[in-house]
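In case you want the letters, here they are:
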Amino acid sequence: MTMTPPLRKLALTAHVASSVGWLGSVAAFLALAIAGVTRGDAPTVRGAYVAMDLITWSVIVPLSLASLVTGLIQSLGTPWGLLRHYWVAFKLLLTVVATGVLLLHTRPIQVVASAAAEAALAGGDLRRLRIQLVADAAAALAVLLVATALSVYKPRGVTPHGRREVQRPRAALAP
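What comes next concerns the included structure.

Basis of the calculations
Residues numbered from 1 in each chain as written. Predicted model: local features only at pLDDT ≥ 70, side-chain atom pairs only at ≥ 80, totals over all residues. Heavy atoms only, no water. Helix = DSSP H or I, 4+ residues; strand = E, 2+ residues; numbered from the N terminus. Buried < 20%, exposed > 50% of the residue type's maximum accessible area, 1.4 Å probe, protein only. Polar contact = N/O pair within 3.5 Å; in protein donor to acceptor, adjacent residues only side chain to side chain. Contact = heavy atoms within 4.5 Å. 1 Å grid on protein atoms, 1.4 Å probe; cavity = no way out; pocket = protein on both sides within 12 Å on 5 of 7 lines; lining within 4 Å. Points joined across faces, edges and corners; volume = space filled by probe spheres on them. Nonpolar A, V, L, I, M, F, W, Y, C, P; charged D, E, K, R; others polar. Salt bridge = Lys/Arg side-chain N within 4 Å of Asp/Glu carboxyl O.

What about the side chain of Thr159?
Part 1: Relative to the helices and strands, Thr159 is located in the loop between α5 (127-153) and α6 (160-173).
Part 2: For Thr159, a relative accessible area of 8% translates into the label buried.
Part 3: At 2.4 Å, the side chain of Thr159 and the backbone oxygen of Leu83 are in polar contact.
Part 4: Ignoring anything within four residues of it in the chain, the contact list for Thr159 reads Leu83, Arg84, His85 and Tyr86.

Points about the layout of surface pockets
Part 1: By volume, the largest pocket is sized at about 620 Å³.
Part 2: Surrounding the largest pocket, 31 residues form its lining, His15, Gly71, Trp87, Lys91 and Ser151 being those nearest its centre.
Part 3: Among the secondary structure elements, those contributing two or more residues to the lining of the largest pocket are α1 (5-38), α2 (42-77), α3 (86-104) and α5.
Part 4: The leading source of residues in the lining of the largest pocket is α1, at nine residues.
Part 5: Looking at the lining of the largest pocket residue by residue, the class counts come to 16 nonpolar, eleven polar and four charged.
Part 6: By volume, the second largest pocket is sized at about 340 Å³.
Part 7: What lines the second largest pocket is a set of 19 residues, and nearest its centre among them are Ala98, Val101, Leu102, Asp136 and Ala140.
Part 8: If you list the elements that add at least two residues to the lining of the second largest pocket, you get α1, α2, α3 and α5.
Part 9: For the lining of the second largest pocket, the element with the highest residue contribution is α5, accounting for seven residues.

With respect to the pattern of salt bridges
Part 1: Applying the stated criterion to the full structure yields one salt bridge.
Part 2: Here Arg39 and Asp41 are joined by a salt bridge, their closest N and O atoms 3.6 Å apart.
Part 3: Judged by its relative accessible area of 44%, Arg39 is partly exposed.
Part 4: Looking at Asp41, the relative accessible area reads 32%, which means it is partly exposed.

Here you go:
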């Protein structure tokens, strides 16, 4: 199935917007996580962790799911295909893994946000978990930047499935 040009542009716009939004919201999350670990004033720390929980559920999770769905629509409705090119397959794998890990890591975010909402976090309170949030966000940002680079550079390489699809129409034309 190939999309019409206007539909393809709409799908591409939705995919780029959700993907870049996901990247930007993770960057904002990272800034809040760093503030939560490094700042000493209780109101800032409390606000950072409460905001992180809100951003996670209201922005990051929906955008990650939108990026995944719109990416699938793009790959299935354009000549790039879902498994024809290594870069598309690798980007799909990165997106699925990143979304899954995100959903698994929402629990630590909720734990820290709940603790911060109930009382001021002192320097050592949940320190390991708070540092984990910084590391997780930094790793997520790196993964999303790799996915973005794959979309821009589109490294060459056709999968075995893609080679078969290219050869199939040629075989049909042979006498």
